[in-house]
Amino acid sequence: MNSIQSRIIVGGWHPALHRLEVQTLLEAAGSESEVEHPRVLRVDSDDLDVDIVDRCSSITRWLLGGQRVAPMDTEALLARILAEPVSGPPESDDGVPSIAVRVESIDGGVEGISHSVLKLGLGARLADLGWAFDMQAPDHELVVVCVGDEEAQNPELEPLPREPHILWGLAGPSARSSPPWQERTGPMRPFFKPVSLDPRIARAMVNLAHPHPPDRRLMLVDPFCGTGGVLIEAALLGIGAIGSDLDEEMVSGTERNLEWLLAQGDTLSTVAVKSDDALSFVLHEPVRAFAFDPPYGRNSWQSEDGRELLLGALARCFENATEDARLVTLLPWPAEHVAAMRAGKVVDMDEFHTYGTPWAEMRELIGSCGWTVLTTVPISVHGSLSRLLVVCERRR
C-alpha cells in the first residue's frame, strides 16, 4: 500500500528554526521528511499525527496528497490540476460538506499566475461535482501554493533547493486550540519585561527539548524562567514543567502569567514555579528535557560576563538529567554573523564569539559540562541583536 504524500509549509519568519522543529518532531514519531525548499518539507506517511502539526510554532499549511509541478502559465496549471481525479463531497448526515479554494504565494510566488482565474476554474469544477462553498468556515480546503525563490530574512547555514514550483492538495485537519501566538506575546500578558521570549521561539525550544508525546508528567525544567515564556508553552503542550529563578519578581510574575493563561479557559499541564539557584537546584527525579534563556546583556557575545553562570547551569542540568535527556538554550550571538550570511558571504561559525569565547571553544566547554551539541540556528531578533539557539543531548 502506497503511503499518502504530505507537504508541510513552515512560516517565513525563521524557516531554519521552524523546519528543524518539524523535522525533530517527525523523527521522534518515526516519520522521515525531505527538504524540497527552505519552507517546504515532503513527508511520505499515511499516518502523520495531527498533534505533531498542531504542536509546531509556525506551520502555515499542511497539504495532503496533491502534486508538485514546475512553474507554468495559469491556463496550463488549471488544466494540469483538473486532469487529476477529483471526487465529489463525501456522504454526510449533516448536509452537503462545504469546501473553499485557496490560492497562496510564499517567498515571492510564481510569476504569471492569476489567483482569481485559478479560483474560478477550480470552483466551477467542484460545483459541478456537487460541493457546497463556504469561504469563512469550510469543512475542506483545496489549496494551491505558488512557491518562489526569494531569500528569507533569516538566511540558511547550508545550501538548500530553492527552485520555484507550484503545490496543491487538500488542507490537513487541525485540532489546534491554543490561543494564537500574537495573543501570547510579552505585552499581552499581565507581567512583561523587554527580555520576554517571543512565544514562537519558546514553543520551538520546548518541542526541540521534548519532541516526545506529552503525558503531563514532570518532563521539562527551565532554571531561568524569567517571565515564564517557556513554561507557558510547555503548559499549553501538556508537558509538566518546573521553572525557577533567583529573582522573586520573576517568580511571582510567571505565576501571574500562568494564572492569566488558565483564566482564558486553556487546558494546561501542571507547572510549578519557585525561587531557586540554577547552580544548585535539585530535582526529586531526573527529567529528560531542559529549555532556558539565560540572562545576559545586549553585547554579552563579546564579554565573558555570564559564561560561568551558563556553564554552571549546564553542569547542574546534567546532574538532574535522564540518560536520553535533551537541552535547548539561547546564547548571545553577534549580529555580524547573520549580516554576513545575508550578504552571501561564506562564513565560519567557529570564528564568531559568544560570551567573549570563540564558538569552537564554547562548544568544547559545553561538552565538558556533559552535553553534546547537535545543531545550532542563528536567530536575528532585530538589527543589532541576535541569538544562537543550541540543541544538545546528554553525553552517555
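Quick notes on the rules
- Here the residue numbers are simple positions, counted from 1 along each chain's written sequence.
- Restriction of local features to residues with pLDDT of at least 70 applies here, the model being predicted, together with a cutoff of 80 or more for giving and counting side-chain atom pairs; totals for whole chains, interfaces and linings are based on all residues.
- Think of the side-chain values as coming from all heavy atoms in the structure, minus any hydrogens and water.
- Helix numbering and strand numbering both begin at the N terminus, where a helix is a DSSP run of H or I of at least 4 residues and a strand a DSSP run of E of at least 2.
- In this treatment the radius of gyration is a C-alpha quantity, and the globule benchmark scales as 2.2 Å times the residue count to the 0.38 power.
- Relative accessible area decides the class of each residue, using a 1.4 Å probe on protein chains only: under 20% of the type maximum gives buried, over 50% gives exposed, and in between gives partly exposed.
- When checking whether two residues touch, look at their non-hydrogen atoms; a contact exists if any pair is within 4.5 Å.
- Counted as salt bridges are all cases of a side-chain nitrogen of Lys or Arg within 4 Å of a carboxyl oxygen of Asp or Glu.
- Should DSSP find at least two bridges between two strands, the strands are regarded as paired.
- Take the buried Ala, Val, Leu, Ile, Met, Phe, Trp, Tyr and Cys residues and link them wherever side-chain atoms come within 4.5 Å; each set so joined is a nonpolar core.
- Orient the strands so they point away from the viewer; a crossover is then right-handed if the path from the first strand over the helix to the second runs clockwise.
- Here the aromatic set is Phe, Tyr and Trp, taking the six-membered ring for Trp, and pairing holds for ring centres within 6.5 Å; pairs whose planes are under 30 degrees apart are stacked, those over 60 apart are edge-to-face, and all others are tilted.

Asker: What is the right way to read the overall build of the protein chain from this model?
Answerer: Broken down by element type, the protein chain carries 10 helices and 17 strands. Here the protein chain has a C-alpha radius of gyration of 23 Å; the compact-globule value for 396 residues is 21 Å, and the two agree. Reported as C-alpha extents along the three principal axes, the dimensions of the protein chain are approximately 70 × 50 × 40 Å. Buried residues in the protein chain amount to 52% of all 396 residues. Counting contacts in the protein chain only where the partners sit at least 6 residues apart, residues at least 24 apart contribute 75% of the total.

Asker: Mind showing me how you'd approach the side chain of asparagine 257 here?
Answerer: You can see asparagine 257 is positioned in helix α7 (residues 248–263). Among the residues examined, asparagine 257 registers a relative accessible area of 0% and is labelled buried. The contacts of asparagine 257, once residues within four sequence positions are left out, are Arg189, Pro190, Phe191, Thr227 and Ile232.

Asker: What exactly am I supposed to notice about the environment of glutamate 319 here?
Answerer: On the secondary structure map, glutamate 319 appears in helix α8 (residues 307–319). A relative accessible area of 54% places glutamate 319 in the exposed class.

Asker: For this particular structure, what's the right way to read the pattern of salt bridges?
Answerer: Pairs can form between side chains of opposite charge once their charged atoms are near each other. Scanning all chains against the criterion turns up 18 salt bridges. Across the pair arginine 42 and aspartate 44 runs a salt bridge, and its minimum N-O distance is 3.6 Å. Between arginine 61 and glutamate 104 there is a salt bridge; the shortest N-O distance is 2.6 Å. Taken together, the positions of arginine 61 in strand β4 (residues 59–69) and glutamate 104 in strand β5 (residues 98–106) put the pair 43 residues apart, joining distant regions of the chain. On the basis of relative accessibility, which here comes to 14%, the residue arginine 61 falls in the buried class. Judged by relative accessible area, glutamate 104 falls into the partly exposed class, the value being 25%. Sharing partners across several salt bridges, the network here consists of Arg7, Glu34, Glu36, Arg42, Asp44 and Arg68.

Asker: Teacher, can you tell me more about the pairing of strand β3 (residues 40–44) here?
Answerer: Both faces of the sheet carry side chains from a regular strand, because those side chains alternate between them. Where strand β1 (residues 5–10) meets β3, 5 bridges bridge the pair, whose relative direction is antiparallel. Its bridge partner lying in β3, serine 6 is registered against valine 43. With antiparallel pairing between neighbouring strands as the criterion, strand β2 (residues 33–37) and β3 make up a hairpin whose turn holds 2 residues.

Asker: What is the right way to read the nonpolar core from this model?
Answerer: If you look at soluble globular proteins, the nonpolar side chains tend to sit buried side by side. In this structure, Leu220, Phe290, Leu314, Trp359, Trp371 and Leu389 are the most contacted members of the largest nonpolar core, which totals 66 residues. Membership of the second largest hydrophobic core comes to 18 residues, among which are Leu77, Ile99, Ile113 and Trp131.

Asker: Quick question: what am I supposed to make of the pairing of strand β9 (residues 218–222) here?
Answerer: In terms of burial, β9 is largely enclosed, as 4 of its 5 residues are buried. The pairing of β9 with strand β10 (residues 240–245) spans 4 bridges and is parallel. Residue pairing for β10: leucine 220 is matched across the bridge by alanine 241. With helix α6 (residues 229–237) bridging β9 and the parallel β10, this β-α-β connection has right-handed handedness. Both β9 and strand β12 (residues 287–292) contribute to a ladder of 2 bridges, which runs parallel. Within the sheet, the bridge partner assigned to valine 221 lies in β12 and is phenylalanine 290.

Asker: Before we go on, may I ask you to explain the packing of aromatic side chains in this structure?
Answerer: Throughout the structure, instances matching the rule amount to 4 aromatic pairs. Each ring, one from phenylalanine 224 and one from phenylalanine 292, has its centre 5.5 Å from the other, and the planes form 50°; the classification is tilted. Of this pair, phenylalanine 224 sits in the loop between β9 and α6 while phenylalanine 292 sits in strand β12, and the two are 68 residues apart along the sequence. Overall, phenylalanine 224 belongs to the buried group, its relative accessible area being 11%. Measuring from ring centre to ring centre gives 6.0 Å for phenylalanine 290 and tryptophan 371, while their planes differ by 75°; the resulting arrangement is edge-to-face. Pair noted here: phenylalanine 290 is in strand β12 and tryptophan 371 is in strand β16 (residues 371–382), with a separation of 81 residues, a long-range link. The exposure class assigned to phenylalanine 290 is buried, which follows from its relative accessible area of 0%.

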